[in-house]
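Observations on the three-dimensional arrangement
What follows is the residue order along each chain.
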Amino acid sequence: MGTVQAEGRPLLAVLDYGIGNLHSAHKGFSQVGADTRLTADRGLIADACGVVLPGVGAFGPCMRALRAAGLDEVAMDRIGAGVPFFGICIGMQMLFAGSEEAPDIDGLGVFNESVRLLPDTVKRPQIQWNRLNATTEHPMLADLGDDAWVYFVHSYAADPGEEVIATCDYGGPVTAAVARDNVWAAQFHPEKSGSTGLRILSNFVAYASAAAKVVA
Amino acid sequence: MRAIRVIPCLDVDAARVVKGINFVDIRDAGDPVELAAAYDAQGADELVFLDITASSDQRDTTVQMARAVADQVFIPFTIGGGIRTVDDARRLLMAGADKVSVMTAAIKRPVLVTEISREFGAQCCVVAIDARRVNGSDDAFEVYTHGGRTRTGIDALKWASEVQRLGAGEILLTSMDTDGTKDGFDIPLTAAVTAAVDIPVIASGGVGTLQHMVEGVTDGGADAVLAASIFHFGEHTVADAKRVLAANGVTVRPPN
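This is a predicted model, so every value here is computed, not measured. (Residues numbered from 1 in each chain as written. Chains lettered and ligands numbered in written order. Predicted model: local features only at pLDDT ≥ 70, side-chain atom pairs only at ≥ 80, totals over all residues. Heavy atoms only, no water.)

**Some thoughts on the overall build of chain A**
Condition: Secondary structure elements follow DSSP: runs of H or I of four or more residues count as helices, runs of E of two or more count as strands, with numbering from the N terminus. The globule rule used here is 2.2 Å times the number of residues to the 0.38 power, and the radius of gyration it is set against is calculated over C-alpha atoms. Categorising residues by exposure relies on relative accessible area from a 1.4 Å probe, with only protein chains included: less than 20% of the type maximum marks a residue as buried, more than 50% marks it as exposed, and the intermediate range marks it as partly exposed.
The number of helices and strands found in chain A is six helices and 13 strands. Scaling as 2.2 N^0.38, a compact globule of 216 residues should have a C-alpha radius of gyration of about 17 Å, and chain A matches this with 16 Å. Dimensions of chain A, computed from C-alpha atoms along their principal axes, come out at roughly 50 × 40 × 30 Å. For chain A, with 216 residues in total, the buried portion stands at 58%.

Written as structure tokens, this is what we have:
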């Protein structure tokens with residue numbers, strides 16, 4: 001498990017399950033030094049020292065496409081194997097039990113909570129940069145400085161649970177990032193959050209790279 | 001917390017930025033990637049590229065431009081102009097654009113908004129509305145196309161509500177009365193549209209001073225302010241705009 005190439009570029013597999021615009025995450029991780037492949041290839045995913053689950057649009061279509069590609073089982077297998085794993089936006093929401101957006105479709109259930117519509121007291125979707133409020137120390141949020149802003153585009157957010165590591169204020173605290181063991185996830189788009197976002201991606205690449213070396 | 005976005009707009013023709021950009025530190029004033037990076041460094045929250053390429057044979061260059069920008073600039077960007085079909089939208093989104101903006105094609109065939117929204121999500125479906133006052137009135141506005149030259153007979157407030165219902169994630173609202181005047185946004189228009197819809201509204205057209213941006217937010221209710229010439233000629237940076245907004249009590253992401 002976990003390939004770090006000779007030139008030190010860790011192999012990251014961005015799961016390609018056939019929905020549009022998964023390229024931004026791919027480009028962001030490449031920018032911070034990973035050998036990033038947008039792929040559905042089981043062998044390549046098994047070789048990767050980190051796995052990324054992106055997602056844009058809506059929970060239902062994303063979850064259906066992930067299952068249709070058989071990548072739900074691949075994702076769960078890699079998570080179970082302890083491989084560093086990063087979910088982004090809908091890719092984060094899919095790690096939860098389910099979403100109000102598609103009540104008849106199960107999520108992956110890595111986290112027990114559900115994903116709900118933002119309150120009707122705020123504009124939906126939240127399309128803006130917002131300040132990250134870290135609720136605990138975590139390597140994802142290392143070296144971001146005191147005033148870290150990231151870009152959000154979403155109408156739904158995960159209920160708070162023990163896995164929350166950061167929130168943003170949007171009509172009250174909204175789950176912005178979660179983590180447990182080898183699974184990290186962000187509701188916001190680190191690949192669209194300028195230098196702050198690239199630092200977060202870089203923190204994940206460093207984690208994946210270090211984890212691969214330990215195993216090797 | 002509601003944070004107001006500041007969005008520079010760049011006109012591109014066959015993947016070259018046009019309309020005289022005049023920054024001191026720019027080597028190639030026509031290079032969209034270099035300009036996007038410069039605006040990112042100034043603290044721009046997003047970018048809008050307005051594609052004015054006349055020839056449809058050259059539209060592939062816009063797709064290539066989207067790819068080049070997405071490769072090197074890590075803030076969200078929208079491409080508008082000439083998008084007529086779901087396939088047009090798909091090519092730009094797959095190349096790395098975060099959103100597409102539709103206008104004339106949505107007026108001709110409103111279901112296009114629903115198609116793009118269903119296929120890619122409302123978050124990437126911006127509808128641009130160009131409006132003029134009806135006989136100078138400050139409470140009746142008509143939708144125009146072709147740079148404000150062609151009347152449509154459509155009421156701008158009804159159209160704004162309609163595109164929200166059809167699935168638009170955001171409205172890019174330009175006053176064709178104030179555009180290019182540097183007299184400030186059309187505040188009654190902006191206020192009427194922001195009151196008519198629940199989705200975010202980007203105000204555009206007429207910014208001549210940084211105070212105009214403040215007015216667009218505090219009086220117009222805009223969620224984002226878009227400007228072109230005030231930034232392009234180096235008169236003001238995005239960071240300047242954000243400092244003035246913040247000094248007037250408007251929450252913004254602080255410039256780097």
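**A word on the overall build of chain B**
Stated precisely, the cut-off is as follows: We call two residues in contact whenever any of their non-hydrogen atoms come within 4.5 Å of each other. To measure how exposed things are, a 1.4 Å probe is used in the Shrake-Rupley method; for residues, cover is taken only from the protein chains shown.
Per the secondary structure count, chain B includes 10 helices and 11 strands. Rg of the C-alpha trace for chain B: 17 Å, near the compact-globule value of 18 Å for 256 residues, within the 12% margin. Along the longest, intermediate and shortest principal axes, the C-alpha atoms of chain B span 45 × 45 × 35 Å. The burial tally for chain B puts 57% of its 256 residues in the buried class. Within chain B, contacts between residues at least 6 apart in sequence are counted, and of these 63% link residues at least 24 apart. As presented, chain B carries roughly 9700 Å² of accessible surface, and 49% of it is formed by carbon and sulfur atoms.

**As for helix α2 (residues 59–72) of chain B**
All names here are of chain B. As a reminder of what qualifies: Multiplying 1.5 Å by the helix residue count minus one yields the expected span of that helix. Here the arc refers to the directions that run from the helix axis out to each C-beta atom.
The terminal C-alpha atoms of α2 lie 21 Å apart, and with 14 residues this matches the ideal 20 Å at 1.5 Å per residue to within 8%. Among all positions of α2, only Arg-59, Thr-62, Val-63, Met-65, Ala-66, Val-69 and Ala-70 are buried. Taken around the axis of α2, the buried residues stretch over an arc of 155 degrees, which confines them to a single face.

**So, the packing of helix α1 (residues 32–42) of chain B against α2(B)**
When two helices pack together, their arrangement is given by the angle between the helix axes and by the axis-to-axis distance. Residue and element names in this part refer to chain B. For clarity, the threshold we go by: For helices, the fitted line uses only the C-alpha atoms of the stretch in contact; every axis is such a line through C-alpha atoms, and the angle between N-to-C directions lies from 0 to 180 degrees. Orientation labels follow simple angle bins: below 35 degrees gives roughly parallel, above 145 gives roughly antiparallel, 65 to 115 gives roughly perpendicular, and whatever is left gives oblique. In this scheme the handedness of a crossing depends on how the near helix is turned from the far one: anticlockwise by less than a right angle means left-handed, clockwise means right-handed.
Here α1 crosses α2 at 40 degrees, and the two axes come no closer than 9 Å. Judged on the interaxial angle alone, α2 and α1 are oblique. Read as a crossing pair, α1 and α2 show a hand that is right-handed. Contact with α1, carried on its side by Pro-32, Val-33 and Ala-36, involves Met-65, Ala-68, Val-69 and Gln-72 of α2 and no other residues of that element.

**Description of the nonpolar core**
We count it as follows: Buried Ala, Val, Leu, Ile, Met, Phe, Trp, Tyr and Cys residues that are joined via side-chain atoms within 4.5 Å together make up what is termed a nonpolar core.
Counting residues in hydrophobic clusters, the biggest one holds 82 residues, and the most contacted among them are B:Phe49, B:Phe77, B:Ile116, B:Ile171 and B:Phe231. If we ignore the near neighbours within four places in the chain, the residues touching B:Phe49 are B:Leu10, B:Val12, B:Pro32, B:Ala36, B:Met65, B:Val69, B:Phe77, B:Thr78, B:Ile79 and B:Gly80. A:Leu11, A:Met94, A:Phe152 and A:Val205 belong to the second largest nonpolar core, which has 76 residues in total.

**Examining the interface of chain B and chain A**
Stated precisely, the cut-off is as follows: Buried area: the sum, over both parts, of the accessible surface (1.4 Å probe) that disappears when the two are put together. Basic side-chain nitrogens of Lys or Arg form a salt bridge, by our definition, when they fall within 4 Å of a carboxyl oxygen of Asp or Glu. N or O atoms within 3.5 Å of each other form a polar contact, as long as, within protein, one can give a hydrogen and the other can take it, and as long as residues adjacent in sequence are counted only when both atoms are side-chain atoms.
Listed as interface residues are 35 residues of chain B and, on the opposing side, 29 residues of chain A. Carbon and sulfur atoms supply 56% of the area that chain B and chain A bury against each other, a total of about 2600 Å² over both sides. Counting every contact that joins chain B to chain A gives three salt bridges. A salt bridge links A:Lys123 to B:Asp223, with the shortest nitrogen-to-oxygen separation between them at 2.7 Å. Here chain B and chain A share 13 residue pairs in polar contact (both at pLDDT 80 or more) between them.

**Remarks on the side chain of A:Lys192**
Mapped onto the fold, A:Lys192 is located in the loop between β13 (183–186) and α6 (194–215). Residue A:Lys192 is classed as buried on the basis of its relative accessible area of 3%. Side-chain polar atoms of A:Lys192 contact the side chain of B:Asp98, separated by 3.0 Å. Ignoring any residue separated from it by four or fewer positions in sequence, one finds A:Lys192 in contact with A:Ser24, A:Trp129, A:Tyr151, B:Val73, B:Phe74, B:Ile75, B:Pro76, B:Phe77, B:Gly96 and B:Asp98.

**What to know about the pattern of salt bridges**
Here the structure, examined in full by the defined rule, presents 26 salt bridges over all chains. Overlapping salt bridges, with partners in common, bring together B:Arg5, B:Glu46, B:Lys99 and B:Glu170 in one network.

**A look at the sheet that holds strand β4 (residues 85–88) of chain A**
Residue and element names in this part refer to chain A. Heads up, the rule is: Two strands are said to pair when DSSP picks up at least two bridges between them.
Pairing is mixed in the open sheet, where eight strands are placed in the order β2-β1-β3-β4-β13-β12-β11-β8. The open sheet has two edge strands, β2 (35–39) and β8 (133–134), and neither has a second partner. Bridging between strand β1 (residues 11–15) and strand β3 (residues 50–53) involves three bridges; their strand directions are parallel. Bridge pairing in β3 places Val-14 opposite Val-52.

**Quick notes on the packing of aromatic side chains**
Our working rule: Think of it this way: a Phe, Tyr or Trp ring, Trp meaning its six-membered ring, pairs with another when their centres are within 6.5 Å, and the plane angle makes it stacked under 30 degrees, edge-to-face over 60, tilted otherwise. Charge-over-ring placement is defined geometrically: NZ (Lys) or CZ (Arg) within 6 Å of the ring centre, and within 35 degrees of the ring normal.
Under the counting rule described, the total for this entry stands at 12 aromatic pairs over all chains. Ring geometry for A:Trp184 and A:Tyr207: centres 5.0 Å apart, planes at 5 degrees, overall stacked. Note that A:Trp184 is positioned in strand β13 and A:Tyr207 in helix α6, a separation of 23 residues in sequence. Take A:Trp184: its relative accessible area is 1%, and that puts it in the buried class. In this arrangement the basic side chain of B:Arg132 is found over the ring face of B:Tyr144, its NZ or CZ atom lying 5.3 Å from the centre. For the cation-ring pair, B:Arg253 lies above A:Trp129, with the distance from its terminal atom to the ring centre recorded as 3.5 Å.

**Thoughts on the pairing of strand β9 (residues 170–175) of chain B**
Residues and elements named next belong to chain B. Where burial is concerned, most of β9 is hidden: six out of the six residues are buried. Neither face of β9 is open: one carries Glu-170, Leu-172 and Thr-174, the other Ile-171, Leu-173 and Ser-175, and all of them are buried. The pairing of strand β6 (residues 125–133) with β9 spans six bridges and is classified as parallel. Residue pairing across strands places Asp-130 opposite Thr-174, the latter belonging to β9.

**Focus: the environment of B:Ile154**
Residues and elements named next belong to chain B. Residue position: Ile-154 is located in strand β8 (residues 150–155). Spatially, the C-alpha atoms of Ile-154 and Val-33 are 37 Å apart, while their sequence positions differ by 121 residues. Excluding residues within four positions of it along the chain, Ile-154 makes contact with Ile-107, Phe-141, Glu-142, Val-143 and Trp-159.

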